Amino acid sequence: MAVDVERIIKCIKQGDQDSVQAQLDNYNTEYSQCFFFNVEEKERKKQRELEEFRKNKVREYVPDSDSDLGSDDDECEDTELVLRRRLASALMWFIRTQLQPGVLRVCLRTLRILSRDRQALAPFITDAAILTLARLGGISSLPIPGHEEEEEGEESEQWGLACSTTSSESRATNNSTSGSKADSLDTHGRMREVIIETRGERRGSYRADGIHSMLARGKRDARGERDEEGDEWYDDGEVWRKEAMKALCNVIYNSQRAQERASALKLLPGLSEKLKDSIHSAAPPSGQFYDLRLLFLLTALRPELRKQLQQARGVSMLMAVLEQCLEVRWVEDYEAVTGPRAAPISRDASQRAIEILKILFNITYSMHRQEPDEEEAALYRHLAAVLRHCLLVSCEEKELADELQGHTVNLLSALPLQCLDVLLSVRLSKGSKESSGINMDCVHSLLLFMERRLDRGQKLKEKLTPVLNLLTESCRAHRETRHYLRQQILPPLREVGLRPEQGDTLRNKLVRLMTHVDTDLKHCAAELLFVLCKENVGRFVKYTGYGNAAGLLAARGLLSGRGPSPQPQYSSDSDSDTEEYRQAKDKINLVTGRVEEQQPDPMEGMTEEEKEAEAVRLISMFNRLSRNKIIQPMGVTADGRLAPLCGQRRNSYLEEEEEEQEIDFEDELD
């Protein structure tokens, strides 16, 4: 049975809260899973017509053409869109009145569903609507624009006119315009008194701007109404706070206009203030996830807000919220309790931690290009220690643990490299991975994370590039990290009968990435292996094969095999070969990187004239392909880079001519 939106709007106009609650419950049930209204409305209409046809075995009307059918659908779609907009306008007006908690909850749930429709956002993107949702969501530190009350009065007037369904109702509404405006202003004044406070803490009864805080759980509210069902009131308060924040998140995400107004209305400082208050509370409010989601959207979509939050010491504030969320217990300055001694993180805490990491990435993603001062370096070192805890701590759900580690890697790759030394500064303990007496638990965790992402094989560029870059830069900066990873990824060669890309070891998986279709991904994989080989061309070719290594060598101008002088950050220790490799070394094909089976000589039994004819035929075929621009013959220049072969020939001819001229000139002098 279809929901009658007109009837809902009429009940809202009449102020019948019980009827509104009952009908909105039905509306929410029907549309709870609706995310694309126009498409899903058409599907519902087709389904209803099909059921009606099956029932009556006859159609009421058969369109003459497809164009007739399309025009009717468009007209119906426009009507339904207008109804959704009217319903949203009505509800935005309705929630500013004094409502029962259950009615307010169901109204906000409907607004949350309607806010998914990008075409019906007009009632949501006014200053009054954004501030109303923010205040109901518990953001109390908000400015009061001088035109807000006037805007809301005009909105109420427009809403009153929109609610009219007959000409007589329209006339009645027009005659009472001034009264509606006055009622709206008075209603909004009462609405301002219903603002939420955080759990377990009561703010001042009244603020300078007239906003009143909700009473704590189980106590009377400021209007003197007796609340005999304190628990239910509190539960409704938690629910409507969440619903208001969900609706606000939808509006900010779907509307650029709303993003601009949220920035102008200074939603960010109010949201930051709310998060700061939660740090000092005994337990964070259950709706904190949506506060963090809204903060993530604001920092992701508005560049000026990222800078604003960073300048307002947002990194310190968010780091404190993250420590509270993960219940971090410090042993030393940069060492937290991890491993079996730390309890697994709950689902709710994991989700909140993920949102915090995403926000921190938004405001610090460019820091790795800058040189931090002493204060910033201390801050980012402390953050790196918290991130080390995120990598090593366990979660109740495996998927959330993997997502938490993924966002931790993203954030680590954004921090200044010199601040990541705290990842290795933790003392060794029983069962720790170590290299040269340095704790490698964090590096080992990153290695396992990279292998899981490799095995998953989905969205490789998005999922793998950050951890590959992080490990590469860490290997360049820390000898112990490079030594440990080389032992794990490039152990001494023993199996020389398989190509480097064949097999299930980490080396095999990374070599396979070196020929991936995505240029960035294959470059990152090759760069990590090249650094593990201390940027030594011979060693790199030994572990990957010349065919796989050609891309990176060409990009670096190393195709000739003569690399630059050894990098100063690498030690001069030599590569140890196994007995199996030494015995087969002379038989290994450097291009494929393995010992090839003995192949028969294709020119066996041919005379010299036949061999010469075959060579001429091959040259002729290559020339034909080159002239038709199907292939372009390339050669390696003196500086180790690729260049068109014809250009090299021309240059070589010029050099020969110059040499001959010099010789002739010297002969003349003699």
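Criteria and cut-off values
Numbers given to residues run from 1 along each chain, matching the order in which its sequence is written. Given that this is a predicted model, residues contribute local features only at a pLDDT of at least 70 and side-chain atom pairs are listed and counted only at 80 or more, while totals for whole chains, interfaces and linings are drawn from all residues. Computation of side-chain values covers all heavy atoms of the structure but excludes hydrogens and water. Numbering of helices and strands starts at the N terminus; helices are DSSP runs of H or I of at least 4 residues and strands are runs of E of at least 2. Each residue is placed in one exposure class: buried if its accessible area under a 1.4 Å probe, protein chains only, is under 20% of its type's maximum, exposed if it is over 50%, and partly exposed if it falls in between. Residues count as neighbours in contact if any of their non-hydrogen atoms are within 4.5 Å of one another. Angles run from 0 to 180 degrees between N-to-C directions of axes, and those axes are lines fitted to C-alpha atoms, restricted for helices to the stretch in contact. Roughly parallel here means an angle under 35 degrees, roughly antiparallel means over 145, roughly perpendicular means 65 to 115, and every remaining angle is called oblique. Each crossing gets its handedness from the near helix: less than a right angle anticlockwise from the far helix is left-handed, clockwise is right-handed. Any Lys or Arg side-chain nitrogen located within 4 Å of an Asp or Glu carboxyl oxygen qualifies as a salt bridge. By definition here, a helix of n residues has an expected span of 1.5 Å times n minus one. What qualifies as a polar contact is a pair of N or O atoms within 3.5 Å, subject to a donor-acceptor requirement within protein and to the restriction that residues adjacent in sequence count only when both atoms come from side chains.

**Q** Honestly, the side chain of T481 in this entry has me stumped. Any pointers?
**A** Position of T481 relative to the elements: it lies in helix α21 (residues 479-489). On the accessibility criterion, T481 (2% relative accessible area) is buried. Those residues within four positions of T481 in sequence are excluded, and the remaining contacts are L424, M440, V443, S474 and C475.

**Q** Is there a simple way to think about the packing of helix α12 (residues 267-279) against helix α14 (residues 303-311) in this case?
**A** Helices that pack against each other are described as a pair by the angle of their axes relative to one another and the distance between those axes. Running from N to C, α12 and α14 point in directions that differ by 40°, and their axes come no closer than 11 Å. Accordingly, the angle class assigned to the pair α12 and α14 is oblique. Where α12 crosses over α14, the handedness of that crossing is right-handed. Residues L268, P269 and S272 of α12 pack against L305, Q308 and L309 of α14.

**Q** Quick question: what am I supposed to make of the pattern of salt bridges here?
**A** Opposite charge on two side chains permits pairing when their charged atoms draw close. Enumeration according to the criterion identifies 33 salt bridges in this entry. Between E304 and R302 there is a salt bridge; the shortest N-O distance is 2.9 Å. By relative accessible area, which is 17% here, R302 ends up buried. A salt bridge links E355 to K358; the shortest N-O distance between them is 3.1 Å. Placement of the pair is E355 and K358 together in helix α16 (residues 347-364), with a separation of three residues, close to one helical turn. Judged by its relative accessible area of 16%, K358 falls in the buried class. One network of salt bridges, in which partners are shared, links E473, R476, E527, E535 and R556.

**Q** What is the right way to read helix α5 (residues 101-114) from this model?
**A** What sets the pattern is the α-helix's 3.6 residues per turn: residues three or four places apart point alike. Under the 1.5 Å per step criterion, the end-to-end length of α5 is 20 Å for 14 residues, consistent within 8% with the ideal 20 Å. For α5, the buried fraction is high: 13 of the 14 residues fall into the buried class.

**Q** I keep staring at the side chain of N254 and nothing clicks. Help me out?
**A** Within the element layout of this structure, N254 appears in helix α10 (residues 230-254). In this structure the side chain of N254 is engaged in a polar contact, spanning 3.1 Å, whose partner is the backbone oxygen of S115.

**Q** How should unusual backbone geometry be read in this particular structure?
**A** Even without being glycine, E327 reaches a positive phi, approximately 55°. Residue placement: E327 occurs in the loop between α15 (314-326) and β1 (330-332). The exposed category is assigned to E327, whose relative accessible area is 64%. With a phi close to 60°, K629 is a non-glycine residue in the positive phi region. Judged by its relative accessible area of 75%, K629 is exposed.

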